[in-house]
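Read off the chains here:
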Amino acid sequence: MTAPNSYISQRDYTRLLLPFVLATATQPLLGAVDTAVAGHLHSPAHIAGVAVGAVIFNTIYWLLGFLRVGVTGFSAQAQAGGQPDEIWASFAQPCLLAAMLGGAIVLLQKPVFAAAMLVLKLETDARMVAAAYYGILVWAAPLVLINYVILGWLMGQARIRAALTMQMGGNALNIALDILLVQGGGFGVEGIALAACAGHIFSLLAGLYFLRPLLPRVDHVREKLLQLEDLWRMVRVNGNLLLRTVCLLVQTNIFMASSASFGTLTLSANAILFQVMLCFSYVFEGIANTSSVLAGRAAGNHCPDMLTRVRHCTILWTVGSALGMAALYLPLRTSLLALFTDLPEVLAAATTYSLWGVLFPLCAGWGLTFYGLFTGASVTRPVFLSTLCALTAFVLAWAVAVPLWGNNGLWFAYTVFYLGRSVFLAPWWQFLRRAATFAPRPVTA
């Protein structure tokens, strides 16, 4: 017998998808504006310094990104179960963890930056820019991580308007202050960092405003926070996501370190192309978020048929989005890159490698969306193992191709990694279908 509400139509999927894509698409736009503003400060060192500063924070926040990804699945499952204790715990436990981790980042800011500089060797001017950017933005780390939890929880509850306001409002404020402080006020790279801090503050205030009336009232708050079974499940699920993120960070840092070894000009060109790839990635992330919410509902209802329908919708939107982005990028790539910088030498270098952007959505789309089915159902080990295999393929391609083809070889290895994420995750579908999460509900008298 089919569980109630097990059928997911394309209309149901699209109703969630479009706001999520709109919300996630503002994130790479934010990074793109940062890069573009830095690109108009009359020196490649500003682009390189901001890019490397962003890599440091991406390293930290991607490593802890499970605070958003994992909580979305827990929140959706708790909503499907309808138990107030579970709904409350799905937010409070990861929020406590986020606050502790954010405080640790602030306390360890100096050794973290020093370690990053050992890996990402910069010329003196670019290093000074990176230090100024990092020294301001690191104080927002606790806000960023708590915002991850709030946003993930709201998404799991399918609170579309709240998630949109929180994410898009913060990013819009950030972008506006970027332009006002840097272009209008002459604050330089410090203005870029201050604008980002203001955006994080707005997102936190907005998230708390929407969150308060949604959390049910429960007694014995401390006991709910320290329930060992729930804590262990969170650690197990998030542990696999953490290991997956470690693989992503190893790949990203190898890519950026190799870019830096080619000199500031090539690093600046790769940073611009990297922002374009992020724009593609975040469209796919919107699809993954939609799939994660609906897969969480399927898990909460113990309904594998619902999961199969979500998978079907995911495939259709992934294929359509990949083909559409590749078709738009191919004829417009030169004009798009020119939005990021008016430095002729940087634009020329970026244009030289721009065709790799056509392959990226076609190779990466499946892996970047399909994983949402697994995270929503809290079946995360396949996500880690498939990413580990993709990293192995990347390292092999990098070791062979970079000495032969230089920066083109680096982009080849980058493409291999994202193709691998798609290829190695697909065979795990039947494992997800058979997972204990989808065991039939026990029959009661």
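Residues numbered from 1 in each chain as written. Predicted model: local features only at pLDDT ≥ 70, side-chain atom pairs only at ≥ 80, totals over all residues. Heavy atoms only, no water.

1. Some words on the overall build of the protein
Keep this limit in mind: Where helices and strands are cited, they refer to DSSP runs of H or I of at least four residues and of E of at least two residues respectively, numbered from the N terminus. The cut-offs for exposure are 20% and 50% of the maximum accessible area for each residue type, with area from a 1.4 Å probe on protein chains only; residues under the lower value are buried, those over the upper are exposed, and the others partly exposed. Here, two residues are considered to be in contact whenever any of their heavy atoms come within 4.5 Å of each other. Areas reported here follow the Shrake-Rupley algorithm with a probe of radius 1.4 Å; residue values treat only the protein chains shown as occluding.
Of the regular secondary structure elements, the protein holds 18 helices and 0 strands. Evaluated residue by residue, the protein yields a buried proportion of 56% over its 445 residues. Across the protein, contacts joining residues at least 24 apart in sequence account for 86% of those joining residues at least 6 apart. Taken as a whole, the protein presents about 18,800 Å² of accessible surface, with 68% of it coming from carbon and sulfur.

2. Here we look at the packing of aromatic side chains
Counted only if it meets this: In summary, the pairing rule links any two rings of Phe, Tyr or Trp, Trp by its six-membered ring, whose centres are within 6.5 Å, and it sorts them by plane angle into stacked for under 30 degrees, edge-to-face for over 60 and tilted for everything else. A ring is scored as having a charge over it whenever the NZ atom of a lysine or the CZ atom of an arginine sits within 6 Å of its centre and within 35 degrees of its normal.
A full pass over the atoms with the stated rule returns 22 aromatic pairs. For the pair Phe370 and Phe374, a centre-to-centre distance of 5.5 Å together with 80° between the ring planes defines the contact as edge-to-face. A residue pair is termed a helical-turn pair when its members lie 3 or 4 positions apart in one helix, as Phe370 and Phe374 do in helix H15 (residues 356-376) at 4 residues. Using a relative accessible area of 1% as the deciding quantity, one classes Phe370 as buried. A relative accessible area of 0% places Phe374 in the buried class. A ring pair is formed by Trp411 and Tyr414, whose centres lie 5.1 Å apart and whose planes are at 70°; its orientation type is edge-to-face. Remark: Tyr414 and Trp411 occur in helix H17 (residues 407-425); sequence separation between them is 3 residues, near one turn of the helix. Like Tyr414, Trp411 is buried. Sitting above the plane of the Trp429 ring, Arg311 keeps its charged end 4.6 Å from the centroid.

3. Observations concerning the pattern of salt bridges
Basically, it comes down to this: Definition used for salt bridges: Asp or Glu carboxyl oxygen within 4 Å of a side-chain nitrogen of Lys or Arg.
As enumerated under the stated definition, the model contains 2 salt bridges in all. Arg433 is the partner of Asp305 in a salt bridge, and the nearest nitrogen-oxygen pair spans 3.9 Å. Of the two residues, Asp305 sits in helix H13 (residues 304-338) while Arg433 sits in helix H18 (residues 429-434), which places them 128 residues apart along the sequence. By relative accessible area, which is 26% here, Arg433 ends up partly exposed.

4. What about H13?
Residues separated by three or four positions in an α-helix point in the same direction, a consequence of the helix having 3.6 residues per turn. This is how it is decided: Here a helix's expected span is defined as the number of its residues, less one, multiplied by 1.5 Å. Here the bend at each residue means the angle between axes fitted to two seven-residue stretches, the one ending at that residue and the one beginning there.
Counted at 1.5 Å a residue, the expected span for H13 with its 35 residues is 51 Å, and the 47 Å between its end C-alpha atoms agrees. Of all the bends in H13, the greatest measures close to 75° and is centred on Leu332.

5. Brief notes about the environment of Ala326
Take Ala326: it is sitting in helix H13. Owing to a relative accessible area of 8%, Ala326 belongs among the buried residues under this scheme. Along the backbone, Ala326 and Leu362 are 36 residues apart, and their C-alpha atoms lie at a distance of 7.2 Å. Filtering out sequence-adjacent residues up to four positions away, Ala326 remains in contact with Val358, Pro361 and Leu362.

6. Observations concerning unusual backbone geometry
Positive phi, normally seen in glycine, also occurs at His302, with a value near 55°. Relative to the assigned elements, His302 resides in the loop between helix H12 (264-300) and H13. Despite not being glycine, Ser378 has its phi angle at roughly 60°, a positive value. In this structure, Ser378 sits in the loop between H15 and helix H16 (381-405).

7. So, the side chain of Ser258
Inspection of the secondary structure assignment puts Ser258 in helix H11 (residues 228-261). Setting aside residues no more than four positions away along its own chain, Ser258 makes contact with Trp398 and Leu410.

8. Observations concerning the nonpolar core
Condition: Among buried residues, those of type Ala, Val, Leu, Ile, Met, Phe, Trp, Tyr and Cys that are joined through side-chain atoms within 4.5 Å constitute a nonpolar core.
Leu373 and Leu432 are the most contacted members of the largest nonpolar core, which has 136 residues in total. The element that contributes the greatest number of residues to this core is H12, accounting for 17 residues. Sequence-distant contacts of Leu432, that is, excluding residues within four places in its chain, are made with Leu307, Leu373, Phe374, Ala377, Val379 and Phe438.

9. Points about helix H7 (residues 141-156)
Here H7 contains 16 residues, and its C-alpha end-to-end distance of 23 Å stays within 8% of the 22 Å for a straight helix at 1.5 Å per residue. With 13 of 16 residues buried, H7 is to be regarded as a mostly interior element. Positive backbone phi, at 60°, marks Ala158, one or two positions downstream of H7.

10. Brief notes about the packing of helix H6 (residues 124-137) against helix H9 (residues 189-211)
Between two packed helices, what matters for the description is the angle formed by their axes and the separation of those axes. Stated precisely, the cut-off is as follows: Simply put, an axis is a line fit to the C-alpha atoms, just over the touching stretch for a helix, and the angle between two N-to-C directions goes from 0 to 180 degrees. Orientation labels follow simple angle bins: below 35 degrees gives roughly parallel, above 145 gives roughly antiparallel, 65 to 115 gives roughly perpendicular, and whatever is left gives oblique. By definition, any crossing whose near helix is turned counterclockwise from its far helix by less than a right angle is left-handed, and any crossing with a clockwise turn is right-handed. For this classification, Asp, Glu, Lys and Arg are treated as charged, while Ala, Val, Leu, Ile, Met, Phe, Trp, Tyr, Cys and Pro are nonpolar and the rest, including Gly, are polar.
Their axes nearest at 8 Å, the elements H6 and H9 cross at an angle of 25°. Classed by the angle they form, the pair H6 and H9 counts as roughly parallel. Regarding H6 and H9, the two cross each other, and that crossing is right-handed. Together, Val129, Ala132, Tyr133, Ile136 and Leu137 of H6 and Val189, Glu190, Ile192, Ala193, Leu194, Ala196, Cys197 and His200 of H9 make up the contact between the two elements. Here the residues of the contact of H6 with H9 are counted per class, giving 11 nonpolar, 1 polar and 1 charged.

11. Digging into a nonpolar patch on the surface
Operational definition: Note that patches include only residues with greater than 30% relative accessible area and no salt bridge, and the join distances are 9 Å for like charges and 5 Å for nonpolar side chains (Val, Leu, Ile, Met, Phe, Trp, Tyr).
Where nonpolar side chains cluster on the molecular surface, the patch consists of Val400, Leu404, Trp405 and Phe412 and spans about 440 Å² of accessible area. With 3 residues, H16 is the largest single contributor of residues to the nonpolar patch. Position of Leu404 relative to the elements: it lies in helix H16. Under the relative-accessibility criterion, Leu404 is labelled exposed at 58%.

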